[in-house]
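Here is what each chain is made of, one letter per residue.
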Amino acid sequence: MNAESSRPRLNRRPEWAALAEHREQFGRTHLRELFAADPERGTGYTLRVGDLYLDYSKQLVTDETLTLLRRLAEATGVAELRDAMFRGEKINTTEDRAVLHTALRAPRGTVVEVDGEDVVPGVHTVLDRMAAFSERIRSGEWKGHTGKPIKNVVNIGIGGSDLGPAMAYEALRAFTRRDLTFRFVSNVDGADLHEAVHDLDAEETLFIIASKTFTTIETITNATSAREWLLGGLKAGPEAVARHFVALSTNAGKVEDFGIDTANMFEFWDWVGGRYSFDSAIGLSLMIAIGPDGFREMLDGFRLVDEHFRTAPPEENAPLLLGLLGVWYGAFFDAQSHAVLPYSHYLSKFTAYLQQLDMESNGKSVDRDGTEVDWQTGPVVWGTPGTNGQHAYFQLIHQGTKTIPADFIGFARPVAGLGPDLTAQHDLLMANFFAQTQALAFGKTPEEVRAEGVPEELVPHKTFRGNHPTTTILADELTPSVLGQLIALYEHKVFVQGAVWNIDSFDQWGVELGKVLAKRIEPVLTRGTGGEELDSSTAALVAAYRTLRGR
Ligand SMILES: O=P(O)(O)OC[C@H]1O[C@](O)(CO)[C@@H](O)[C@@H]1O
C-alpha cells in the first residue's frame, strides 16, 4: 500500500490535464460536424472482436481524444495491472486476494498460479464433475428420493450467485431443454420462493444452493424454507435431502452444517469474486439447461475476449476503448449514468446483471490508498430491452438535460420468434435499433423541423439537439459463445475503469453495513427486544411496523 502512496493523484497527472484542456477545445463540437469532416468515420471508428462488431463512431471523440485517453491508460498502468491480474497476483488488496475469473475459462494445460499452486487443474476437475452431474440430470439417470427423475431445477442464491445464471438462462433460452423447468430464487421475501415452487412436484425438484460464503442470510433462509417445503412434500425425513439438494460454494464446512453432503458440492475458490463467478460452479443450473457442450462453447467465448484484452494493441483493444470512453464522459461531461440497451428480448436480464458487475465493482469513493477520490467513479448502470425503453424513457435521453452515454446491442439474426414472417419482424426490430442511434447522434435541427411546415411555436419542442453518444455492438446471433464474449467485454471494461480510477474493483465493503444493521433490527421486529440505539426515525418506523403486525 505504501508504494501506492507515491503514485500521483489521477487528476494531478499531466495526461489528465491534457484531457481537460482537450475537453475545453472540444466544447460543443457536434457529431454532425465530426461526420461531415471525415467521410470514413462510420467505418474507421469500428473494431472487431471475435463475433462482435463495435461501432464507436457516434461517440464524442476525435483521434486526439483517443490518443489522450490511451496516454492516461498508459500512465495509470492499466496494462500492468491487467497482466498482474492474469498472472494471479493479489490485486484485490483490501481482501488480499487474487482476481482470477479468467482462470475459470483457461484451457486445460495452462498454468496459472496462486500462492505457488496451479489452479487450472482444479477448475477443470470441477467443470468435469459439473458436466457429469448435468448429464445425469438431463438423461433422467439421477433420481429423486422417491425414484422419479428430476424435472425442475430451482437455483437459490443472490447477487453474483443468482444474477449470472438467471440472466444467462434467459439469454440462452432457445438453447435450453424445454422439458425441464428452471426457476431462480433470490429475494428473502418469501413470495419469491413461494411463486417458484407452488406449482412444482417436490418428488421431481432439485434445489441448487448457490452461495460463495454459504453464510448469506437471504440464501440460507430460502434454502431452509425450501428444505422444509421439500420434506413436507415428500413426507420424508432429512435422508431425502441428499437426492434433492446440491451446493455451489467455497465453504465446505458451512455446506455440511446445513446438511448437504459435500459429495454433492461443487467447489470454487476465493479468487473468484461473486459478480465474476457465473462461469464457475455457480453456472451449474445453466449447464443443466444448455448442456455441457453449450457451457463449454460459452467459456470459449469468454476466453476469446480474455485473449483479445490481454494481447490486442491499445488502438484495437475493445475493453480498453469502452472503459476509457466511460472515464471521458464521467470526468469531462459529468455523465452520471450509462445505459445498456439490448435489442434482444433474450437479454432482458443483461443490464440487471451488469448493474452488479459494474456498480458493485466501481461504486467506490476512496482510492487504493484509502484516500477520498475527487473524480467520478462508476456510473449508474441502467436499461431494459431497447424497443420497450423507446416507449418509456427514451424521451429523456433524446430531449432531456442529461448526458447519458448508451450501448446498443443487437443481432443480425433472430434465434427464435413467432409471426407470419420472422425475418421481416426482426428487420423491424433492427430498423428501430439503427434508427435510435442515428436520431441520438444527429438529432433534428430547427431548420429541418421548419422545413416540414411545423408552426413556429412548436419548433423548439420538435427539435432534437442530438449529439448523444452511443456505441453500437452488433453480432450475428446470440449464441452461448457470443454471450460469453459480451460478458467478458464488460468484465474487462469495468476492470479498465477501476485501474484508471485507482480503486479496488474487487471488494464490496459498501454492502456490509446494511447487513449488520438488519441483523440488529430483526430481533426488535420479532421480539421487541433491543433497539435502544436506533435513531428516532427508524425507531418510529419499527414501532409502526410492530403495531401494524399487532405486536
Ligand atoms: O455467494 P454469496 O456468498 O451468497 O454472496 C452473494 C452476494 O453477496 C455479495 O457479497 C454482496 O452482498 C455479493 O458480492 C455476492 O455476489
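Going by the structure above, here's the rest.
Quick look at the structure, then. What you see is a predicted model; the values in this text were computed from it and never measured. Throughout this document, residue positions are counted from 1 along each chain, in the order its sequence is written. Totals for whole chains, interfaces and linings use every residue, but because this is a predicted model, local features are given only for residues with pLDDT of at least 70 and side-chain atom pairs only at 80 or more, for both listing and counting. Working from all heavy atoms in the structure, the side-chain values ignore hydrogens and water.

1. So, the nonpolar core
Reasoning step 1: Counting 122 residues, the largest nonpolar core has Trp271, Phe278, Ile288, Phe350 and Leu483 as the members making the most contacts within it.
Reasoning step 2: In DSSP terms, a helix is any run of H or I states spanning at least four residues, a strand is any run of E spanning at least two, and both are numbered starting from the N terminus. A per-element tally of this core places helix α21 (residues 480-501) first, with 13 residues.
Reasoning step 3: Shared between two domains, this core takes at least three residues from each, and those domains are domain 1 (10-76 + 312-507) and domain 2 (101-295).
Reasoning step 4: Aside from chain neighbours lying at most four places away, what touches Phe350 is Met167, Val340, Pro342, Ile409, Leu486, Ile487 and Tyr490.
Reasoning step 5: The set of buried Ala, Val, Leu, Ile, Met, Phe, Trp, Tyr and Cys residues whose side-chain atoms join them within 4.5 Å is what this entry labels a nonpolar core. Type-normalised accessible area, obtained with a 1.4 Å probe on protein chains alone, sets the label of each residue: buried when under 20%, exposed when over 50%, and partly exposed for intermediate values. Among the nonpolar cores identified, the runner-up in size contains 24 residues, and Leu234, Ala240, Phe245 and Ala247 belong to it. What marks off one domain from the next here is an automatic or database domain assignment. We call two residues contacting when some pair of their heavy atoms lies within 4.5 Å.

2. Notes on the pattern of salt bridges
Reasoning step 1: Within this document, salt bridges are pairs made up of a side-chain nitrogen of Lys or Arg and a carboxyl oxygen of Asp or Glu, the two lying within 4 Å of each other. All chains considered together, the criterion is met by 30 salt bridges.
Reasoning step 2: Note that Arg138 is salt-bridged to Glu135, the shortest N-O span being 3.9 Å. You can see Arg138 and its partner Glu135 sitting in helix α7 (residues 120-139), three residues apart, about one turn around the helix.
Reasoning step 3: Salt-bridge contacts for Glu141 lead to Arg136; the nearest nitrogen and oxygen are separated by 3.1 Å.
Reasoning step 4: One network of salt bridges, with partners in common, ties together Arg105, Asp279, Asp306 and Glu491.

3. A word on the packing of aromatic side chains
Reasoning step 1: For Phe, Tyr and Trp, rings pair up if their centres lie within 6.5 Å, where Trp contributes its six-membered ring, and each pair is then called stacked (planes under 30 degrees apart), edge-to-face (over 60) or tilted (otherwise). All chains considered together, the criterion is met by 30 aromatic pairs.
Reasoning step 2: Their ring planes at 65 degrees and their centres at 5.2 Å tell us that Tyr329 and Phe333 sit as a pair that is edge-to-face. Accessibility classification places Tyr329 together with Phe333 in one group, the buried group.
Reasoning step 3: Seen in terms of ring centroids, Tyr393 and Phe394 are 5.7 Å apart; in terms of plane orientation they differ by 40 degrees. Their pairing is tilted.
Reasoning step 4: An aromatic cluster of three or more residues is present, and its members are Tyr343, Trp382, Tyr393, Phe394, Phe408, Phe433 and Phe434.
Reasoning step 5: Two thresholds decide whether a charge sits over a ring: the Lys NZ or Arg CZ must be within 6 Å of the ring centre and within 35 degrees of the ring normal. A cation sits over an aromatic face here: Arg243 above Trp142, 4.0 Å from the ring centre.

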